[in-house]
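Structural characterization, general
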Amino acid sequence: MDGTDALLTARQLQDLLQVERITIYRMLKDGRLQGFKVGGQWRFSRQAIERWLQEQQASLEVTASPRASGGMHPSPESLPISCIQAIQGIFAEAMGVGTIATALNGTPLTTISNPCKFCDMILRTEGGWRRCVDSWQVAAAGSKETSPRIAMCHAGLNYVWARIIVLGESVAAIHAGQFLSQSPGDHGWSERIAELSASTGVDADRLRGALASVPVLKQGKQEQVPRLLRRVAETFSEIGEERLNLLGRLQRIAEITELRA
């Protein structure tokens, strides 16, 4: 081998990227890095690492910022969406609520996990989708409140949201909702159903029938949702910072490599 495509050990790659060994293995597991085993030990192609770096830089398209590591600017692209989707799904299933991550303008970053039938009907329509996106935008960008609190969405269901902050900047939000605190009964639902039907085009009787699918959370579970959602948001923030810092290191390595070339 002439050295132009030297093989790196896991230790060498760890030292090169200045990350923990567990980070290397995590990136291997989720497919962000490619390697192969020789005699039971991981080996990595330097050329493959450099190509991977170039792909990451092209996909991020971030701008320079002195506040971010390596000049990388925090943004929704700082978040590894496949990882966010997986954690989001676990939270949604465990808490029995619908959950989605969005940009601050309300644009979804993930697919909704554990949606109820009632909300699914609304979201499948153009009008309903627009109303939900507007609600996510208002929640994520319209308030300076940092502690998750239970609020009411445009469809009359409860939800909680929390910001995802990377290196001190809000880049996204995580929303958990589609639940009620008590059985709907009437409580003004006749008027709300009629209004939703008019704005979405979904038959009022179908909406009324699907309302029974909305989970009703007991007091204890309602108190858990905002507390645990905040922990989820903090975890996403840490993941985003780790990825951004890693990409900053890789960018510096690429610049050094180009200078040497």
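Presented here is a report on the structure given in the accompanying data block. Not measured: the values here are computed from a predicted model.

1. Points about the sheet that holds strand E3 (residues 41-45)
Across the sheet, which stays open at both edges, the three strands sit in the order E1-E3-E2 with antiparallel pairing between neighbours. Bordering the open sheet on either side are strand E1 (7-9) and strand E2 (36-38), each of which pairs with just one other strand. Within the sheet, the average angular offset between the axes of one strand and its neighbour, ignoring direction, is 50°. Here E1 pairs with E3 via three bridges, running antiparallel. Looking across to E3, one finds that Leu8 is bridged to Phe44. Together, E1 and E3 form the strand contacts of helix H1 (residues 10-17), whose direction differs from that of E1 by roughly 85°.

2. What to know about the packing of aromatic side chains
Inspection of every chain in the model, using the stated rule, returns three aromatic pairs. On the numbers, 6.2 Å between centres and 90° between planes, the contact of Phe118 with Trp189 is edge-to-face. Residue Phe118 is located in helix H5 (residues 117-123), and its partner Trp189 is located in helix H7 (residues 189-200); the two are separated by 71 residues in the primary sequence. Across the pair, exposure class does not vary: Phe118 and Trp189 are buried alike. Their ring planes at 85° and their centres at 5.9 Å tell us that Trp129 and Trp136 sit as a pair that is edge-to-face. Owing to a relative accessible area of 11%, Trp136 belongs among the buried residues under this scheme. Above the plane of the ring of Trp189 lies Arg192, whose end atom (NZ or CZ) is 4.7 Å from the centre.

3. What to know about unusual backbone geometry
You will see that Leu167, though not glycine, has its phi angle at about 50°, which is positive. Summarising the element assignment, Leu167 is placed in the loop between strand E6 (158-166) and strand E7 (169-179). With phi around 65°, Gln178 is a residue other than glycine that occupies positive phi space. Looking at where Gln178 falls in the secondary structure, it is placed in strand E7.

4. With respect to the nonpolar core
With 23 residues, the main nonpolar core has Val97 and Ile174 as its most contacted residues. Every element with two or more residues in this core is listed here: helix H4 (81-95), E6, E7 and helix H9 (219-260). The element contributing the most residues to this core is H9, with seven residues.

5. Quick word on the side chain of Thr99
As for its placement among the helices and strands, Thr99 is situated in strand E4 (residues 98-103). Not counting chain neighbours up to four residues away, the residues in contact with Thr99 comprise Gln88, Phe91, Ala92, Thr111, Ile112, Ser113, Ile174, His175 and Ala176.

6. Re the pattern of salt bridges
It is possible for side chains of opposite charge to pair when their charged atoms get near one another. Tallied over the full model, the rule gives five salt bridges. The residue Glu195 makes a salt bridge to Arg131 at a minimum N-O spacing of 3.0 Å. Of this pair, Glu195 sits in helix H7 while Arg131 sits in helix H6 (residues 126-141), placing them 64 residues apart in sequence. Judged by relative accessible area, Glu195 falls into the partly exposed class, the value being 37%. Look at Arg131 and you get partly exposed, because its relative accessible area is 21%.

7. Comments concerning the environment of Met95
In this fold, Met95 is placed in helix H4. A relative accessible area of 5% means that Met95 is categorised as buried. In this structure the C-alpha to C-alpha distance between Met95 and Gln224, which are 129 residues apart in sequence, comes to 8.3 Å. Beyond its immediate chain neighbours, meaning those up to four positions away, Met95 contacts Leu217, Lys221, Gln224, Val225 and Leu228.

What counts, and at which threshold
- The numbers attached to residues start from 1 for each chain and follow its sequence in the written order.
- Whole-chain, interface and lining totals are the exception, using all residues; otherwise, since this is a predicted model, local features are given only for residues with pLDDT of at least 70 and side-chain atom pairs are given and counted only at 80 or more.
- With hydrogens and water set aside, each side-chain value is computed from the structure's full complement of heavy atoms.
- Only strands joined by at least two bridges in the DSSP assignment are considered to pair.
- Each helix corresponds to a stretch of at least 4 residues labelled H or I by DSSP, and each strand to a stretch of at least 2 residues labelled E; elements are numbered beginning at the N terminus.
- As a rule, the C-alpha atoms of each element are fitted with a line to give its axis, helices using only the stretch in contact, and angles between N-to-C directions run from 0 to 180 degrees.
- Contacts are residue-level and defined by heavy atoms, with any inter-residue pair within 4.5 Å sufficient.
- Side-chain rings of Phe, Tyr and Trp, where Trp is taken by its six-membered ring, are said to pair if the distance between their centres is within 6.5 Å; with planes under 30 degrees apart they count as stacked, over 60 as edge-to-face, and otherwise as tilted.
- Summary of the burial criterion: residues with accessible area below 20% of their type's maximum are buried, those above 50% are exposed, and those between are partly exposed, where the area comes from a 1.4 Å probe applied to protein chains only.
- Two conditions define a charge sitting above a ring: the NZ of Lys or the CZ of Arg must be within 6 Å of the ring centre, and it must be within 35 degrees of the ring normal.
- The definition of a nonpolar core used throughout is a set of buried Ala, Val, Leu, Ile, Met, Phe, Trp, Tyr and Cys residues joined through side-chain atoms within 4.5 Å.
- Any Lys or Arg side-chain nitrogen located within 4 Å of an Asp or Glu carboxyl oxygen qualifies as a salt bridge.

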